[in-house]
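# Structural features, examined
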Amino acid sequence: MSILPTLKKSLLAGLTALAVTATASAQDSFKVGFVYVSPIGDAGWTYQHDLARKHLEETFEGLETVYVENVPEGADAQRVIRQLASGGSDLIFTTSFGYMNPTLQVARQFPKVVFEHATGYKRADNVGTYMPRLYEGRYLAGMTAGLMTETNKLGFVGAFPIPEVIRAVNAFTRGARAVNPDVEVSVVWINAWYDPSKARAAAETLMDQGADVLTHHSDSHAVVQAAAERGKYAIAYHSDMAKYGKDYQLTAVVHKWDDYYEQVVREVMDGTWKSGNVWGGIDHGMVDLAPFGKAVPEEVREQVMAAREQIISGELHPFAGPVVDQSGTERVAEGETMSDEDMLKMDYYVEGITSRLTSLRCG
């Protein structure tokens, strides 16, 4: 698998207003389509993508965007993607793992349209893939949880057991145990990206089992809200959900798509876009922590933020060895660091997770 571990340098460079106008005016019309797996709402995965869509409209004069929200993965996704392509979209962002095969199928029929698929691993000449290095933010979130828990029991509500989410669970666990070796993490899978009722039920189950800090990989604020209602701490995901967590949200792992989406539009407009896999971390602005909540003491903030700087500098890697799975098998030796390729196919839990991984969704 070909991995581009860093974003292109131009994504980091400041672009002047003159350059923005010149690029935007170079083409009379340009249309960008978006396919969303859940309702936009006011927080979450889809909400963050839609903020970037609005950023494109504000940045490029005359650029048109169109989106379809709450699109199930599978046949419905293929139909929607085809409609966007046949409707004149020059570029289409398909923003869920399960859109991978439908995106590739439609891309074969529309070779002149550029497709960008979030979190997938299959590409074509006109299909690129992209994702943030979410595990960096998850490790910091785990540190925060490990320092704040009183029961040493943490809960994780997961969407689907795919490598992306398993990697998130493992990074969270490793961050927590780096500062508190007594921590144990329990996982409940809801087998849905967006199902607030299932997410709430999973959160209730984890709290009933003693978890006093919860996090999630699901596209709603249900876990944060459920934790707050019972006076438990939560660490949100996708976007800042503090308004749903009252004083109980400790922080959030947030996605930032504006710069990347802007860069892709520029490349497609000027004909320099090429298919590849982009994986950007904290240092590239694609993932970070939201502000800490009032409950987080200054010493915890300082310790977590110091680790953040170490991740940016390369001094700290969430999957630096030794990495041991829950069966006791060493996956990465001390002094070594897990490769991108191995992280992308992660299919096991690390030590410290009490739940068992019984199945894996592959696509």
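Residues numbered from 1 in each chain as written. Predicted model: local features only at pLDDT ≥ 70, side-chain atom pairs only at ≥ 80, totals over all residues. Heavy atoms only, no water.

## Details of the packing of aromatic side chains
For any pair of aromatic rings, geometry is given as the distance between the ring centres together with the angle between the planes. Following the criterion strictly, the structure yields 18 aromatic pairs and no others. Judged by centre distance (6.1 Å) and plane angle (40 degrees), the rings of F34 and Y36 are tilted. Given a relative accessible area of 0%, F34 falls into the buried group. The class for Y36 is buried, based on a relative accessible area of 0%. Consider the rings of F97 and Y121, whose centres lie 6.3 Å apart with planes at 40 degrees: the pair is tilted. Residue F97 is located in the loop between β3 (91-94) and α5 (100-109), and its partner Y121 is located in the loop between β4 (114-118) and β5 (127-132); the two are separated by 24 residues in the primary sequence. Among the residues examined, Y121 registers a relative accessible area of 35% and is labelled partly exposed. Here the aromatic cluster, defined as three or more aromatic residues joined through ring pairs, consists of F34, Y36, W45, Y67, F93, Y130, W257, Y260 and Y261. Positioned above the aromatic ring of W279, the side-chain terminus of R133 is 4.3 Å from the ring centre. (Phe/Tyr/Trp six-rings, centres within 6.5 Å; stacked < 30°, edge-to-face > 60°. Buried < 20%, exposed > 50% of the residue type's maximum accessible area, 1.4 Å probe, protein only. Helix = DSSP H or I, 4+ residues; strand = E, 2+ residues; numbered from the N terminus. Lys NZ or Arg CZ within 6 Å of the ring centre and 35° of its normal.)

## Considering the packing of helix α4 (residues 75-86) against α5
Where α4 meets α5, the axes come as close as 9 Å, and the angle between the chain directions of the two elements is 35 degrees. For the pair α4 and α5, the crossing hand works out as right-handed. In this structure, α4 uses A77, Q78, I81, R82 and A85 to contact α5, whose residues at the interface are P102, T103, Q105, V106 and Q109. (Axes fitted to C-alpha atoms, helices over the stretch in contact; angles between N-to-C directions. Left-handed = near helix turned anticlockwise from the far one by under 90°. Contact = heavy atoms within 4.5 Å.)

## Some remarks on the sheet that holds strand β7 (residues 184-189)
The strand order across the open sheet formed by 6 strands is β7-β6-β8-β9-β10-β12, and the pairing between neighbours is mixed. On the outer flanks of this sheet lie β7 and β12 (287-289), each paired with one strand and no other. On average, each strand axis in the sheet is tilted by 15 degrees relative to the strand beside it, whichever way the strands run. Here strand β10 (residues 249-255) pairs with β12 via 3 bridges, running antiparallel. Within β12, the residue paired with V253 across the bridge is L289. Of the strands in this sheet, β6 (153-158), β8 (213-217), β9 (233-238) and β10 are in contact with helix α9 (residues 222-229), which crosses β8 at around 165 degrees. (Pairing = 2+ DSSP bridges.)

## Section: the sheet that holds β5
Taken in spatial order, the 6 strands of this open sheet run β2-β1-β3-β4-β5-β11, and their pairing is parallel. At either end of the open sheet lies a strand with only one pairing partner, and these are β2 (63-68) and β11 (277-280). Mean inter-strand twist for the sheet, computed between neighbouring axes without regard to direction, equals 20 degrees. In the sheet, strand β1 (residues 30-35) pairs with β2 via 6 bridges, with the strands oriented parallel. Each bridged residue has a counterpart across the sheet, and for V32 the counterpart in β2 is T65.

## Structural notes on helix α6 (residues 134-148)
For α6, with 15 residues, the first-to-last C-alpha span of 21 Å sits near the 21 Å given by 1.5 Å per residue. For α6, a buried count of 14 out of 15 residues is recorded, marking the element as mostly surrounded by other parts of the structure. (Expected span 1.5 Å × (residues − 1).)

## Structural notes on the side chain of T94
Secondary-structure assignment places T94 in strand β3. A residue is classified by how much of its surface remains accessible, and T94, at 0% relative accessible area, is buried. Within the structure, T94 has its side chain in polar contact with the side chain of T103 (distance 2.9 Å). Dropping the residues within four chain positions of it, T94 is found in contact with V35, I81, Y99, T103, E116, H117 and A118. (Polar contact = N/O pair within 3.5 Å; in protein donor to acceptor, adjacent residues only side chain to side chain.)

## Quick look at the pattern of salt bridges
On inspection of all chains with the given rule, the structure shows 15 salt bridges. With a shortest N-O distance of 3.2 Å, D42 and K243 are connected by a salt bridge. Residue D42 is found in the loop between β1 and α3 (45-59), and its partner K243 is found in helix α10 (residues 242-245); the two are separated by 201 residues along the sequence. For D208, the salt bridge goes to R230, with nearest N and O atoms at 3.0 Å. Residue D208 is located in helix α8 (residues 196-208), and its partner R230 is located in the loop between α9 and β9; the two are separated by 22 residues in the primary sequence. On the basis of relative accessibility, which here comes to 59%, the residue D208 falls in the exposed class. Looking at R230, the relative accessible area reads 35%, which means it is partly exposed. (Salt bridge = Lys/Arg side-chain N within 4 Å of Asp/Glu carboxyl O.)

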